[in-house]
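# Descriptive structure summary
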Amino acid sequence: LGFATDPNESGGFMKSRRASEDTPLFPSSKMRNYYTLQDQEWHGINTFCCGGLVILGSNPFWFLITNILAMGPFALFIAYEYRNMGPWLTGGSCLIYAVAQYGLFRAGMMDPGIIPRNTTGRVPRVPNDDYDVDGTPLTFCETCKIFRPRRAKHCKYCDNCVERFDHHCPWVGTCIGARNYKYFILFLFSITILSAYLIGVNAWLLYKAKESSKEEGNLNQIMDALKNNWCSTMMGAYTVLVFMAVANLAVYHCQLIINNQTTNEQMKETWASRRNPYDKGCFQNCCNILCSRVPESHLTSRTAMLHDDDDVESDTSAPQTRQMYHAVSSEPEHKW
């Protein structure tokens with residue numbers, strides 16, 4: 001296997017490590033849909049959970065911090081103000097928050113599009129389509145020993161080549177690539193809408209408190225409302241800061257989606273002096289990026305486990321990436 005794990009170790013959480021000679025061929029058959037990496041070691045900086053179904057990046061701590069920063073203030077605000085907000089405002093804010101949390105979980109806990117390394121120790125053959133769509137040759141990764149697919153990049157933080165690499169997001173804790181980009185966008189847009197929504201709700205609650213204040217003068221009424229509604233005051237200030245941070249990022253990614261660019265390409269000005277061959281127009285770009293199906297993971301083949309521990313069926317078909325980028329030449333074996 002690519003990595004070995006003891007289900008009783010660390011509560012099911014594990015760090016990838018080299019499989020030993022004593023590692024069994026298959027894990028317990030009770031662990032259904034267990035991810036296996038066939039015939040290779042795991043070299044990237046990732047944390048595997050739930051039998052390999054959850055793949056965290058190199059910053060799981062900051063992924064946890066992001067969840068706390070999103071969940072903590074929102075839960076406190078709802079607990080204190082749900083009576084004043086009413087069922088409709090409370091339900092609307094909870095719905096938007098649930099969508100944002102779903103996007104965060106999906107973006108941070110799935111394979112972003114990692115391309116397995118070539119561990120055969122042999123010279124990889126140049127793919128038949130060895131030129132990119134704009135006429136430039138495909139890039140060879142000296143670390144992974146593969147010809148990188150178009151728009152892929154080796155992330156120095158996760159130590160993996162990632163397909164359609166956009167950027168490494170420390171707040172999500174992992175790379176943003178071909179498989180989790182649209183979930184990252186879902187989280188980003190949802191948290192922007194939620195911040196704007198809560199700014200309006202807090203302003204309305206403070207306005208109601210001001211109107212009911214018995215103090216004389218507008219300034220005294222405002223100060224009294226802020227003093228007696230500390231939760232709305234603090235949440236309003238917090239959401240303003242969050243909105244200022246995420247709204248700019250949301251607008252930036254809107255521009256990238258419209259032009260079908262990645263953050264990596266935009267920062268490097270890849271298409272500054274030539275036409276972007278991936279740009280198919282605003283509508284088509286949005287459909288291709290946001291509405292297309294999630295590409296199949298190149299990392300693993302999913303192993304189907306039976307209830308009987310003695311009978312195990314596995315999918316031994318090679319992942320597409322091995323066929324495309326790990327094909328080895330007929331030359332004598334060469335150790336890198």
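Residues numbered from 1 in each chain as written. Predicted model: local features only at pLDDT ≥ 70, side-chain atom pairs only at ≥ 80, totals over all residues. Heavy atoms only, no water.

Quick look at the nonpolar core now. Counting residues in each nonpolar core, the largest one holds 35 residues, and the members touching the most others are Phe77, Val172, Phe184 and Leu194. For this core, the secondary-structure elements that each account for two or more residues are strand E4 (54-56), helix H1 (60-108), helix H2 (181-211) and helix H4 (230-259). In contact with Phe77, not counting residues within four places along its chain, are Tyr82, Met85, Leu198, Val201, Asn202, Leu205, Cys231, Ser232 and Met235. Judged by nonpolar contacts, the second largest core, of six residues, contains Cys141, Cys144, Ile146 and Cys161. (Core = buried A, V, L, I, M, F, W, Y, C linked by side-chain atoms within 4.5 Å. Buried < 20%, exposed > 50% of the residue type's maximum accessible area, 1.4 Å probe, protein only. Helix = DSSP H or I, 4+ residues; strand = E, 2+ residues; numbered from the N terminus. Contact = heavy atoms within 4.5 Å.)

Taken in spatial order, the three strands of this open sheet run E5-E9-E8, and their pairing is antiparallel. Each of the sheet's edge strands pairs with one partner strand only, and the pair in question is strand E5 (114-115) and strand E8 (153-155). With two bridges joining them, E5 and strand E9 (residues 160-162) adopt antiparallel strand pairing. Bridged to Ile114 within E9 is Val162. (Pairing = 2+ DSSP bridges.)

To continue, consider a nonpolar patch on the surface. Together, Phe61, Trp62, Leu69 and Trp171 make up an exposed nonpolar region whose accessible area comes to about 440 Å². Residue placement: Leu69 occurs in helix H1. (Patch = residues over 30% accessible without salt bridge, like charges linked within 9 Å, V, L, I, M, F, W, Y side chains within 5 Å. Areas by Shrake-Rupley, 256 points an atom, 1.4 Å probe, with all protein chains shown as cover. Salt bridge = Lys/Arg side-chain N within 4 Å of Asp/Glu carboxyl O.)

Let us now look at the packing of aromatic side chains. In the structure shown here, the tally under the stated rule is eight aromatic pairs. Aromatic side chains Tyr80 and Trp230 sit 5.0 Å apart centroid to centroid with 70 degrees between the ring planes, which places their arrangement in the edge-to-face category. Note that Tyr80 is positioned in helix H1 and Trp230 in helix H4, a separation of 150 residues in sequence. Its relative accessible area of 40% is what places Trp230 among the partly exposed residues. Between Tyr102 and Tyr183, the aromatic rings sit 6.2 Å apart at their centres with planes inclined by 80 degrees, giving edge-to-face as the arrangement. Taken together, the residues Tyr102 in helix H1 and Tyr183 in helix H2 connect sequence positions 81 residues apart. Relative accessible area serves as the criterion here: at 12%, Tyr183 is assigned to the buried category. Each member of the aromatic cluster is reached from another via a ring pair, and the members are Phe61, Trp62 and Trp171. Sitting over the ring of Tyr278, Arg151 keeps its end group 4.1 Å from the ring centre. (Phe/Tyr/Trp six-rings, centres within 6.5 Å; stacked < 30°, edge-to-face > 60°. Lys NZ or Arg CZ within 6 Å of the ring centre and 35° of its normal.)

By the secondary structure assignment, Leu95 is in helix H1. A C-alpha to C-alpha distance of 10.0 Å links Leu95 and Ser190, two positions 95 residues apart in sequence.

Right, let's talk about the packing of H2 against H4 for a bit. The contact between H2 and H4 brings their axes to 8 Å, and the two run at 145 degrees. When you trace H2 past H4, the crossing you get is left-handed. In terms of residue class, the contact of H2 with H4 is built from 21 nonpolar, eight polar and no charged. (Axes fitted to C-alpha atoms, helices over the stretch in contact; angles between N-to-C directions. Left-handed = near helix turned anticlockwise from the far one by under 90°. Nonpolar A, V, L, I, M, F, W, Y, C, P; charged D, E, K, R; others polar.)

Our focus in this paragraph is unusual backbone geometry. Non-glycine residue Asp159 carries a positive phi angle of around 60 degrees. Along the polypeptide, Asp159 turns up in the loop between E8 and E9. The class of Asp159 is partly exposed, set by a relative accessible area of 22%. The phi dihedral of Glu269 is positive, around 55 degrees, even though this residue is not glycine.

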